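# Structural characterization, general
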Amino acid sequence: MNIPAADLMSALRSGQSTAPRLTWYGPDAERVELSGRVLDNWVAKTGNLLQDELDAEPGTRLRLDLPAHWKSLVLALAAWQLGMEVVLADGDAELLATADPGPAATTGGADAVLAVALPALAMRWPGELPSGVLDYSAEVRSHGDFFMPYVDPEPDRTALRDAAGVDHPHGRLIEDFGALRGVADDGGADDGANDGAAAPRLLVRAGDGLEAALSRALWAWSRDGSVVLVHPDVALTERLLGDERISHR
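Residues numbered from 1 in each chain as written. Predicted model: local features only at pLDDT ≥ 70, side-chain atom pairs only at ≥ 80, totals over all residues. Heavy atoms only, no water.

When helices and strands are tallied, the chain shows 8 helices and 13 strands. Taking 249 residues into account, the globule formula puts the C-alpha radius of gyration at 18 Å, and the chain, at 17 Å, falls close to it. Summarising its shape, the C-alpha atoms of the chain cover approximately 50 × 40 × 35 Å along the three principal directions. Carbon together with sulfur atoms contributes 47% to the accessible area of the chain, which is approximately 11400 Å² in total. Between the averaged position of the 21 positive side-chain charges in the chain and that of its 39 negative side-chain charges there is a distance of 6 Å. (Helix = DSSP H or I, 4+ residues; strand = E, 2+ residues; numbered from the N terminus. Rg over C-alpha atoms; globule rule 2.2 N^0.38 Å. Areas by Shrake-Rupley, 256 points an atom, 1.4 Å probe, with all protein chains shown as cover. Lys, Arg positive; Asp, Glu negative; His and termini not counted. Charge placed at Lys NZ, Arg CZ, Asp CG, Glu CD.)

Following this line, the structure appears as structure tokens:
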């Protein structure tokens, strides 16, 4: 049984699969651009890593102890495609993905820990990792480019609990959590429908946090659009906005 997150990935890898879907501006002049095909490839590899190496299945909880970043979005999409629950706060979870795999992470109760190196060109974690911690950047590339869940995800299971304490099930994740309001479109406010309009090119400020980034990204992708995710240290100049053809903010 397909769930909306799986249908979304199918849409992103078909149609205009070479068009940009996720662009990241980070510190140290980082710019990473992922087409629909490349984004799907990263999500598939990550899903296979979670499923094959960490025994993740529908209902398994993955805590993202990460800032808003392109790798955070990939991990969330992979978890949702598998039918997992993404945990954004300090709640309990069987799996933990973190950019700080120190003693607090390894003794926090998770069954397994993924260390996520955030620099754009990082091929592995810079330095030694505690015993039992898996290096996401080093391991993910060895996994398959096509994802197939061993167990069908269940639409009634929780996909995410937001900061307000609202549980969003997989079957309504995009419809509810991604049903963003108040996105500025040429100076106006979008009502969420966007029917018949051009696909949005949405600016997402990483400084607003991971929950906001995930919600806004789902809103854009569900409308056949794309996302420009910008780190707080990067100046939002008119040149950047113009070069990226931002249509929504």
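Further notes follow.
Grouped together as the largest cluster of nonpolar side chains are 59 residues, with contacts concentrated most on W80, W221 and L229. Ignoring anything within four residues of it in the chain, the contact list for W80 reads I3, A5, V86, A159, L160, H170, L173, F177, L214 and L218. (Core = buried A, V, L, I, M, F, W, Y, C linked by side-chain atoms within 4.5 Å. Buried < 20%, exposed > 50% of the residue type's maximum accessible area, 1.4 Å probe, protein only. Contact = heavy atoms within 4.5 Å.)

What follows concerns the packing of helix α2 (residues 36-54) against helix α3 (residues 70-82). It is the contact of α2 with α3, at a shortest axis distance of 8 Å, that shows an interaxial angle of 60°. As summarised for this structure, α2 and α3 are arranged oblique, according to the angle between their axes. As α2 packs across α3, the resulting crossing turns out to be right-handed. Of α3, the residues touching α2 (which contributes L39, W42, V43, T46, G47, L50 and Q51) are W70, V74, L75, L77, A78, A79, Q81 and L82. Taken together, the residues of the contact of α2 with α3 break down into 11 nonpolar, 4 polar and no charged. (Axes fitted to C-alpha atoms, helices over the stretch in contact; angles between N-to-C directions. Parallel < 35°, antiparallel > 145°, perpendicular 65-115°, else oblique. Left-handed = near helix turned anticlockwise from the far one by under 90°. Nonpolar A, V, L, I, M, F, W, Y, C, P; charged D, E, K, R; others polar.)

Tallying each qualifying case throughout the model produces 1 aromatic pair. For the ring pair W42 and W70, a centre distance of 5.0 Å and an interplane angle of 85° mean the geometry is edge-to-face. One end of the pair, W42, is in helix α2; the other, W70, is in helix α3, with 28 residues separating them in the sequence. Across this residue pair, the class does not change: W42 and W70 are buried. (Phe/Tyr/Trp six-rings, centres within 6.5 Å; stacked < 30°, edge-to-face > 60°.)

Look at D28: it is not a glycine, yet its phi comes out positive at around 60°. Looking at the element boundaries, D28 is found in the loop between β1 (20-26) and β2 (30-35). Here D28 falls in the exposed class, since its relative accessible area comes to 75%. The backbone phi angle of D55 is positive, close to 60°, even though this residue is not glycine.

Turning our attention to the pattern of salt bridges. Applying the stated criterion to the full structure yields 13 salt bridges. In this structure, R61 and E94 form a salt bridge, with 2.6 Å as the shortest nitrogen-oxygen distance. Taken together, the positions of R61 in strand β3 (residues 61-65) and E94 in the loop between β4 (85-87) and β5 (95-98) put the pair 33 residues apart, joining distant regions of the chain. Since its relative accessible area comes to 27%, R61 is described here as partly exposed. Connected through shared salt-bridge partners, R31, E33, R201 and E244 make up one network. (Salt bridge = Lys/Arg side-chain N within 4 Å of Asp/Glu carboxyl O.)

Next up on the list: the packing of helix α1 (residues 4-12) against α3. Interaxial distance between α1 and α3 falls to 7 Å at its minimum, and their mutual angle equals 120°. Viewed along their axes, α1 and α3 adopt a mutual orientation that is oblique. For the pair α1 and α3, the crossing hand works out as left-handed. Only L77, W80 and Q81 of α3 make contact with α1, whose side of the interface consists of A5, A6, L8 and M9. Taken together, the residues that form the contact of α1 with α3 break down as 6 nonpolar, 1 polar and no charged.

Tracing the backbone shows A159 in strand β8 (residues 158-161). A relative accessible area of 0% means that A159 is categorised as buried. In this view, A159 contacts W80, M84, E85, V86, H168, P169, H170 and L173; residues no more than four positions away in its chain are not counted.

Purely geometric stuff here, so don't read any function into it on its own.
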